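A closer look at the structure
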Amino acid sequence: TRSGSVTGVQTCALPISNLKKHYSLPGSFFGQPRIVRAVDDLSFEIARGETLALVGESGCGKSTVGKAVLRLFDITSGQVLLDGRRIDELSDGRLRPLRRRMQVVFQDPFSSLNPRLSVREAIAEPLRNFGLAASGAEMDRKVEEILDRVRLPHDAARRLPHEFSGGQRQRIGIARALAPSPDLIVCDEAVSALDVSVKAQIVNLLKDVQQELGLALLFISHDLAVVENISHRIAVMYLGKIVEMAPKRSLFAGPRHPYTQALLSAVPIPEPGVRRERILLRGDLPSPISPPSGCRFHTRCPYVFDRCRTEEPELRNIGPAHVAACHLDALPKRASEGAVPEKARV
Ligand code: SF4
C-alpha cells in the first residue's frame, strides 16, 4: 500500500514515494539526538489536470511536503519524479531547467513581489530567467497574454505591487507562477489571507486556469471549505504522515479515519438548519521530535485500543481510490456512531 498506485490515478505528472524530511536539532533528548520528523514516509501522486489537496493542522508537515516537491531543500530519503525522471537527486545545475515546470503561489504574494518592480517586470523576470521571450515585443505580448489569463487589465503592467488590493496581488502572484508555463503549481495556503468573497474569486480563477492549461495543482490548506470547492482528491496529514486519502466526494461523504472525521466535523454545512455534530479532539498536536508510538494519533483518538499504542497502521484500501491508516476493521462512519469504548474491547 506504500506505492502511489493505491490512488488509482494512472497519468501521473508527479509521483512521490516514501518521502522523508527529518531535521536535526542541537542538543539531545534523554541522550538521543533530537530529530524532527517533519515528513515521515509519505507517498502520493498528482495527475495532469488534477488538484490534490493536502490538509491537516498547522505543524503537520504539509508545507514541508510542498517545499520538498519543489526541491527547495534536499530530502532525507524517498523519490520525487517528474515524467519518470528523479528530481530529488539532481544537482542544482541539472535541476535548473526543470524548475520552470514547478512553480509556487504563496499565502502572501506581497512578500514575494519586489515592491520596486512593476507588474510587467515581475512577470517578465521568470520569462527572462528561463529564456522564454526572444525580444522585447514578444515579452510584451506574453505579459499581456498572462494578464488576460489572470483577468487583470493590460494597464496593470505599468503599476507597482502596492497599488493593488490583496486579491489583485494574488492574481499577480498567480501570473508570475504561470509565466514559465509550468506543469505543476504548489499553492501553499494561497487564499488563506483573503476575505471570503475575494477568496472565492481566486479559487475560481485557479480552477479556470487549471482547466484551460491542464495543470496539476498541489493545494496545501487548512481551510476545508475551500478544499471542498477546489480539489479532486484530498490527502489528510497528521504528524508527518498521510492518514487518509480519497476522491473529494468520497472523503466528504464518508470520512473513515477518526482524525478526518474530527477535521470535517468542524466544516459548516451550507444548508440552514442542518448541523453537524462537532468532534472535539483532546490535547494538542504532539511534537514531531518524539511522535507517539504505534498510531501517531492514539493520544487523541476517541477509539484508541491496545494495538494502537504499539503497532503503526499502514494505509490500506477501503474503497475505490480511498485509503486510510487505522487498525479498526469497521471504521465508524461518524464519531458518534458505532464507537466501541476501550474497556469493552478484547
Ligand atoms: Fe484511532 Fe487506533 Fe485507528 Fe489510530 S489506529 S486512528 S488510535 S483507532
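Further up the page is the structure itself.
Being a predicted model, the structure only gives us computed values, none of them experimental.

Here Gln79 lies in strand S4 (residues 77-82). Since its relative accessible area comes to 29%, Gln79 is described here as partly exposed. In the structure, Gln79 is positioned 64 residues away from Pro15 in sequence and 8.1 Å away in space, judged by C-alpha atoms.

What follows covers the environment of Pro302. Topologically, Pro302 is positioned in the loop between helix H10 (258-265) and helix H11 (306-310). A sequence separation of 43 residues divides Pro302 from Tyr259, and the C-alpha atoms of the two residues are 9.4 Å apart.

Below, the discussion takes up the site of the ligand. Taken together, the neighbourhood of the ligand is formed by His257, Pro258, Cys295, Phe297, His298, Cys301, Tyr303, Cys308, Cys326, His327 and Leu328. Given that more than half its atoms are within 2 Å of the pocket grid, the ligand belongs to the second largest cavity. Looking at the shell around the ligand residue by residue, the classes come out as eight nonpolar, three polar and no charged.

Next up on the list: the packing of aromatic side chains. By convention here, two paired aromatic rings are described through the distance between centres and the angle between planes. Within the structure shown, the criterion is met by three aromatic pairs. Note on Tyr238 and Phe297: the rings are 5.0 Å apart at their centroids and 80 degrees apart in plane angle, and the pair reads as edge-to-face. Within this pair, whereas Tyr238 is found in strand S9 (residues 233-238), its partner Phe297 is found in the loop between H10 and H11, the two being separated by 59 residues in sequence. One aromatic cluster in this structure is built from Tyr238, Tyr259 and Phe297. Lys21 extends its terminal NZ or CZ atom over the ring of Phe73, reaching a point 4.6 Å from the ring centre.

Before going further, it helps to examine empty space enclosed by the protein. Within the structure shown, the criterion is met by three cavities of 30 Å³ or more. Its volume calculated, the second largest cavity comes out at about 90 Å³. Forming the walls of the second largest cavity are 15 residues, and the residues nearest its centre are Cys295, Cys301, Cys308, Cys326 and His327.

In this structure, the largest pocket occupies an estimated 500 Å³ of space. Every residue lining the largest pocket is counted, 19 residues in all, and those nearest its centre are Met102, Gln103, Val104, Phe106 and Arg176. Where the lining of the largest pocket is concerned, the elements lending two or more residues are helix H2 (92-99), strand S6 (102-105), helix H3 (109-112), helix H4 (119-129) and helix H6 (166-178). The dominant element in the lining of the largest pocket, judged by the number of residues it contributes, is S6, at four residues. Among the residues making up the lining of the largest pocket, the classes are represented as 11 nonpolar, four polar and four charged.

Now for the pattern of salt bridges. Counted by the stated rule, this structure contains 26 salt bridges. We note a salt bridge from Arg101 to Asp183, for which the minimum N-O separation is 2.5 Å. With a gap of 82 residues between them, Arg101 in the loop between H2 and S6 and Asp183 in the loop between H6 and strand S7 (184-188) connect regions that are remote in the sequence. When salt bridges with common partners are traced through the structure, they connect Arg120, Glu121, Arg128 and Asp140 into a single cluster.

What counts and how
- Residues numbered from 1 in each chain as written.
- Predicted model: local features only at pLDDT ≥ 70, side-chain atom pairs only at ≥ 80, totals over all residues.
- Heavy atoms only, no water.
- Helix = DSSP H or I, 4+ residues; strand = E, 2+ residues; numbered from the N terminus.
- Buried < 20%, exposed > 50% of the residue type's maximum accessible area, 1.4 Å probe, protein only.
- Near = heavy atom within 4 Å.
- 1 Å grid on protein atoms, 1.4 Å probe; cavity = no way out; pocket = protein on both sides within 12 Å on 5 of 7 lines; lining within 4 Å.
- Sits in = over half its atoms within 2 Å of the grid points.
- Nonpolar A, V, L, I, M, F, W, Y, C, P; charged D, E, K, R; others polar.
- Phe/Tyr/Trp six-rings, centres within 6.5 Å; stacked < 30°, edge-to-face > 60°.
- Lys NZ or Arg CZ within 6 Å of the ring centre and 35° of its normal.
- Points joined across faces, edges and corners; volume = space filled by probe spheres on them.
- Salt bridge = Lys/Arg side-chain N within 4 Å of Asp/Glu carboxyl O.

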